[in-house]
Amino acid sequence: AALNTNSASQNALHLALSNEYYDAAVILSILKSSPTTATAVDGKGMIPIQVACLNSAQHEIILAIAIVDLPIDLGAKEEAIMREGFGGSWWYLLCETDDLYVDVITEVL
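Residues numbered from 1 in each chain as written. Predicted model: local features only at pLDDT ≥ 70, side-chain atom pairs only at ≥ 80, totals over all residues. Heavy atoms only, no water.

Asks: Even after reading the chapter, I still don't get the overall build of the protein chain, so can you show me in this structure?
Replies: Counting its secondary structure elements, the protein chain contains six helices and zero strands. Reading the protein chain from its N terminus to its C terminus gives the helix and strand order α-α-α-α-α-α. Against the globule reference of 13 Å for 109 residues, the protein chain gives a C-alpha radius of gyration of 13 Å, in line with a compact fold. Overall, the C-alpha framework of the protein chain stretches about 45 × 30 × 25 Å when taken along its three principal axes. For the protein chain, the residues scored as buried account for 39% of the 109 residues in total. (Helix = DSSP H or I, 4+ residues; strand = E, 2+ residues; numbered from the N terminus. Rg over C-alpha atoms; globule rule 2.2 N^0.38 Å. Buried < 20%, exposed > 50% of the residue type's maximum accessible area, 1.4 Å probe, protein only.)

Asks: Honestly, the packing of aromatic side chains in this entry has me stumped. Any pointers?
Replies: Under the counting rule described, the total for this entry stands at zero aromatic pairs. Lying across the ring of Phe 86, Arg 83 places its NZ or CZ 3.7 Å from the centre. (Phe/Tyr/Trp six-rings, centres within 6.5 Å; stacked < 30°, edge-to-face > 60°. Lys NZ or Arg CZ within 6 Å of the ring centre and 35° of its normal.)

Asks: Sorry, what's going on with the environment of Leu 17 here?
Replies: Secondary-structure assignment places Leu 17 in helix 1 (residues 12–17). As for Leu 17 and Cys 53, which are separated by 36 residues in sequence, their C-alpha atoms are 9.3 Å apart. Look past the residues within four positions of Leu 17 in its chain and what remains in contact with it is Tyr 22, Ile 27, Pro 48, Val 51, Ala 52, Asn 55, Ile 61 and Ile 65. (Contact = heavy atoms within 4.5 Å.)

Asks: Honestly, a nonpolar patch on the surface in this entry has me stumped. Any pointers?
Replies: A contiguous nonpolar patch, built from Ile 72, Leu 74 and Met 82 and spanning about 330 Å² of accessible area, is present on the exposed surface. Mapped onto the elements of the fold, Met 82 is located in the loop between helix 4 (59–68) and helix 5 (88–95). Residue Met 82 is classed as exposed on the basis of its relative accessible area, which comes to 60%. (Patch = residues over 30% accessible without salt bridge, like charges linked within 9 Å, V, L, I, M, F, W, Y side chains within 5 Å. Areas by Shrake-Rupley, 256 points an atom, 1.4 Å probe, with all protein chains shown as cover. Salt bridge = Lys/Arg side-chain N within 4 Å of Asp/Glu carboxyl O.)

Asks: I'm lost on the nonpolar core in this one. Help?
Replies: Generally speaking, a soluble globular protein has its nonpolar side chains buried in company with each other. Core analysis: the biggest nonpolar cluster contains 29 residues, and Leu 17, Leu 31, Ile 49, Ile 62, Ile 65 and Leu 93 have the highest contact counts within it. At seven residues, helix 4 tops the list of elements feeding residues into this core. Every residue in contact with Ile 49, bar those within four places of it in the chain, is listed here: Ile 62, Ile 65, Ala 66, Ser 89, Tyr 92 and Leu 93. (Core = buried A, V, L, I, M, F, W, Y, C linked by side-chain atoms within 4.5 Å.)

Asks: Would you mind going over the side chain of Thr 37 with me for this structure?
Replies: Structurally, the position occupied by Thr 37 is in the loop between helix 2 (24–33) and helix 3 (48–54). Under the relative-accessibility criterion, Thr 37 is labelled buried at 0%. What Thr 37 contacts, discounting residues up to four positions off in sequence, is Ala 2, Leu 3, Asn 11, Leu 13, Ile 30, Leu 31 and Pro 48.

The following block contains the structure:
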């Protein structure tokens, strides 16, 4: 159900991050139960991290999305394994936010 979209191609995570429906507990539950929601693009071409940042979401929410959308598998023992389709949140935080979220990046690294 979390991956189902509305007429604007928004999934449950996009909606929970919007100012109209914002609920941190719901957001964290969606990320835990369906991590791929963090990579979904809505009808405006926005991924959830963009919605979160534009709506000034809590630090913990930005951090949670960044962790779920890591481009590498942290469980890999021998070598780095890239996670296909993940990493858009990292690109956005690093390249599009004028260092506003450098603390999130630093915390994860």
